[in-house]
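The primary structure of each chain is shown beneath.
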Amino acid sequence: MKHHCAPSPHRRQQRGIVLVFALITLVILMIGAVAISRSVSGSQFTLGNIGFKRDLTNQGERAIQLAMQVVRAGGALSTEAARNADMKAANYSATLLPTNAQGIPTALLNDAAFAAVGSASDISVGDMGVKIRYVIDRMATTAGPCTPSTCTMANQQVFGGASNEAPKPSPPAQAIFRMTLKVTGPRNTVSFFQSTFTTN
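Scoring rules and cut-offs
- Residues numbered from 1 in each chain as written.
- Predicted model: local features only at pLDDT ≥ 70, side-chain atom pairs only at ≥ 80, totals over all residues.
- Heavy atoms only, no water.
- Buried < 20%, exposed > 50% of the residue type's maximum accessible area, 1.4 Å probe, protein only.
- Helix = DSSP H or I, 4+ residues; strand = E, 2+ residues; numbered from the N terminus.
- Pairing = 2+ DSSP bridges.

*Asks:* Would you mind showing me how to read the pairing of strand 5 (residues 174-184) here?
*Replies:* Regular strands place side chains that alternate from one sheet face to the opposite one. Within strand 5, eight of the 11 residues are buried, leaving the element largely enclosed by the surrounding structure. Examined bridge by bridge, strand 3 (residues 130-138) and strand 5 share eight bridges and lie antiparallel to one another. The partner of Y134 across the bridge, within strand 5, is L181. Of the strand pairs in this sheet, strand 4 (residues 153-154) and strand 5 are connected by two bridges, and their pairing is antiparallel. Across the sheet, residue M153 finds its bridge partner in strand 5, namely A175. Pairing of strand 5 with strand 6 (residues 190-198) involves nine bridges; the strand directions are antiparallel. By the bridge assignment for strand 6, R178 is matched with T196.

Now the structure itself:
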């Protein structure tokens with residue numbers, strides 16, 4: 001005749017404690033998995049944004065070269081006479097444009113303000129959804145021919161040559177121009193780029 005022994009209360013308590021610890025461990029592992037998942041998602045989002053910004057920077061540099069064609073030989077602003085007056089078709093102002101606190105011309109902040117300064121179409125970069133808008137303004141207080149009293153001028157001094165040579169004449173002072181670009185990319189990412197230059 002076989003006898004079955006009932007488990008002792010002590011063993012039941014041990015099994016109950018093991019179950020409690022197993023549940024606590026499971027909850028801790030789940031919390032850790034959620035934290036890791038969120039961390040990975042956040043890192044991917046950050047890397048994606050950095051990638052967008054880097055791409056917009058590259059596109060902005062390309063756009064500067066395209067926009068500069070208007071002041072190069074054969075361009076609408078290639079002559080000094082053309083640069084003495086506003087030219088909406090080239091997004092050009094012969095006087096300094098008003099800016100916000102960050103130094104960005106307000107003409108680039110909304111369509112209505114831009115329409116008062118320029119009319120050239122935005123530059124589209126392929127099928128990437130990147131659009132570039134630019135304005136060029138002369139660092140001057142009045143339109144017309146530039147003088148040191150009305151324009152900010154650049155005058156690069158010439159150095160070099162033998163000590164017994166007569167000093168070389170400095171080149172004529174040149175007006176300084178500012179180009180500002182607004183680059184709009186995917187997900188409404190917006191970057192602004194600004195550069196100053198002189199003409200020959």
